[in-house]
Amino acid sequence: MELWQEMLRASVDSGKDLVDRFGFDKGLADKLNSLFHIRINPYYLSLIRSQGDPIWKQCIPDAKELEEDNLPLDPLNEEADSPVPSITHRYPDRVLFLTTSQCSMYCRFCTRKRKVGDSGKISMKYIQTGLDYISAHPEIRDVILSGGDPLMLTDSNLEKILAGLRAIPHVEIIRIGTKMPCVLPMRITSKLTKMLRKYHPLYVNTHFNHPWECTAEAKKACEMLVDAGIPVGNQAVLMKGVNDDADVMLELMRKLLVMRVKPYYLYQADITKGANHFRTPVSVGLDIMDKLRGHTSGLAIPNYVIDAPGGGGKIPLLPQYVLGRNGNNIIMRNYKYDIYQYPDVEEEEKVPETMVEKKFLRKRKRPAHKKTYQPEQVQVES
Ligand code: SF4
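Here is what the cut-offs are and how they apply
- Residues numbered from 1 in each chain as written.
- Predicted model: local features only at pLDDT ≥ 70, side-chain atom pairs only at ≥ 80, totals over all residues.
- Helix = DSSP H or I, 4+ residues; strand = E, 2+ residues; numbered from the N terminus.
- Rg over C-alpha atoms; globule rule 2.2 N^0.38 Å.
- Contact = placed C-beta atoms within 7 Å.
- Buried ≥ 20, exposed ≤ 12 C-beta atoms within 10 Å, placed from the backbone.
- Pairing = 2+ DSSP bridges.
- Right-handed = clockwise from strand over helix to strand, strands pointing away.
- Axes fitted to C-alpha atoms, helices over the stretch in contact; angles between N-to-C directions.
- Core = buried A, V, L, I, M, F, W, Y, C linked by C-beta atoms within 7 Å.
- Domains from an automatic or database assignment.
- Parallel < 35°, antiparallel > 145°, perpendicular 65-115°, else oblique.
- Left-handed = near helix turned anticlockwise from the far one by under 90°.
- Nonpolar A, V, L, I, M, F, W, Y, C, P; charged D, E, K, R; others polar.

Novice: What exactly am I supposed to notice about the overall build of the protein here?
Specialist: Within the protein one finds 13 helices and twelve strands. Taking 2.2 N^0.38 as the reference for a compact globule, 382 residues should give roughly 21 Å; the C-alpha atoms of the protein span a radius of gyration of 22 Å, in line with that estimate. Residue pairs at least 24 apart in sequence account for 75% of intrachain contacts in the protein once pairs closer than 6 positions are excluded.

Novice: Honestly, the pairing of strand β2 (residues 94-98) in this entry has me stumped. Any pointers?
Specialist: Within a regular beta strand, the side chains point alternately toward one face of the sheet and then the other, so they alternate between its two faces. Counting buried positions along β2 gives four out of five residues, so the element sits mostly inside the fold. Taking the residues that link successive antiparallel strands as the turn, the strand β1 (residues 87-91)-β2 hairpin has two residues. The pairing of β2 with strand β3 (residues 142-146) spans five bridges and is classified as parallel. In the sheet register, F97 faces β3, and the bridge partner there is L145. Remark: the β2/helix α6 (residues 127-135)/β3 crossover connection has right-handed handedness.

Novice: Help me out: how do you make sense of the sheet that holds strand β12 (residues 339-343) in this one?
Specialist: Where strands meet in a sheet, backbone hydrogen bonds hold them as pairs that are either parallel or antiparallel. Within the open sheet, the three strands sit side by side as β10-β11-β12. Their pairing is antiparallel. Either end of the sheet is taken by a strand with one partner, and the two such strands are β10 (322-326) and β12. When the angles between neighbouring strand axes are averaged without regard to direction, this sheet yields 25°. Note: β10 against strand β11 (residues 329-333), four bridges, orientation antiparallel. Along β11, the bridge assignment pairs V322 with M332.

Novice: How should I be thinking about the nonpolar core in this particular structure?
Specialist: Generally speaking, a soluble globular protein has its nonpolar side chains buried in company with each other. Within the largest apolar cluster, 83 residues are counted, with the highest numbers of intra-cluster contacts made by Y44, C59, M105, F109, V143 and A269. Taken together, domain 1 (3-66) and domain 2 (78-316) each give at least three residues to this core, which thus spans both. Excluding residues within four positions of it along the chain, M105 makes contact with R39, I40, N41, Y44, C59 and V183.

Novice: What is the right way to read the packing of helix α2 (residues 15-22) against helix α3 (residues 26-35) from this model?
Specialist: Helix-helix packing: each pair is described by the crossing angle between the helix axes and the interaxial distance. At a closest axis distance of 8 Å, the pairing of α2 and α3 adopts a crossing angle of 135°. In terms of their interaxial angle, α2 and α3 are classed as oblique. For α2 against α3, the interelement crossing comes out right-handed. The residues of α3 that touch α2, namely those facing G15, L18 and V19, are K26, A29, D30 and N33. Looking at side-chain class alone, the contact of α2 with α3 contains three nonpolar, two polar and two charged residues.

Novice: I keep staring at the pairing of β3 and nothing clicks. Help me out?
Specialist: Sheet topology places β3 next to strand β4 (residues 173-177); four bridges connect them, and they run parallel. Across the sheet, the residue bridging to D142 is I173, located in β4. Taken together, β3, helix α7 (residues 155-166) and β4 form a β-α-β motif whose crossover is right-handed.

Novice: How should I be thinking about unusual backbone geometry in this particular structure?
Specialist: Note on backbone geometry: most residues besides glycine have negative phi, and most peptide bonds are trans. G147 connects to G148 through a cis peptide bond whose omega is 15°. Among the secondary structure elements, G148 is positioned in the loop between β3 and α7. Residue P201 is bonded to the preceding H200 through a cis peptide linkage, with omega at -5°. The phi dihedral of N70 is positive, around 55°, even though this residue is not glycine. The phi torsion at N77 lies on the positive side, around 55°, for a residue other than glycine. Here N77 shows up in the loop between α5 (54-59) and β1. Among the residues examined, N77 registers 18 C-beta atoms within 10 Å and is labelled partly exposed.

Shown next as structure tokens:
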């Protein structure tokens, strides 16, 4: 057994563990465990510095998870875009391929709680159906392995999936979404990277949320992936009490770059049942982005996005930099709030306003299950 597998075995993973190790009331611990599984491996547990700190909040259950919030279990409406059990096909040229239900740490904010941890819903038995679906759809050129955490699979099971994908001529890019470099960096072994490098072009997106997660072990894991020719990006989630602070986020982004990880997305927390206590106002995210851009390298700036409720996909959010127009000049402000004007290039042919509106509001062919855009919902400022 490899070290990472031994560490998994030693995880906190039951209501009883919550009672014995953290003093939870037994009834509460059992309820929390039945709502969403508990698993915290010893490595991630060792990052906790005190009760209620940003690491604790991400992995130790909270009674707030049980509050009746009437929020959806499937906030991104993934099931509506799932033609076969293992696949979510939302965007034209790429799919999400769910490979395992297991994770080395179950994040309390997980947006896929309805499936994660349940091997009846995601497992190797659906892999061939997924490969068949991808093979039958030549428009799919990019496949994102997810779950659960694909690196919970053994090297040989993961390789079967990668080899299956590489046998499909129209699959150009494979991406692996994994939290392992952050939560159990010992999973990144030289045996694993040697196998992975056979399946380029391969990308990894990992998931660090707080600078305390950027340890020497995590750095080594990320460097091993990058040294194997795999670009590594980071998808962080903005969470109350974890990283909803510009200084914390700046430190995280800088540390990621030092670990050779490119900040990719900063997600506004999804509206997920049992995770409402993690949500922050959007203004907090915009303020953080305002305090990152210009204050550190552009390389360290993630895209701040909301994954639109109901399945609209990722929508980028930016602080306001364009303040208006003065004739042909665009009036802008920089990161220090100094005002500048940029003389725009005259348009060759003025497009009538009605045409612009028509272009903006034009109806696209939408799948039947999706709502049609309603222009009257938009309020235009005068
Ligand atoms: S690692 Fe990902 S899939 Fe697993 S619990 Fe955390 S957020 Fe959910």
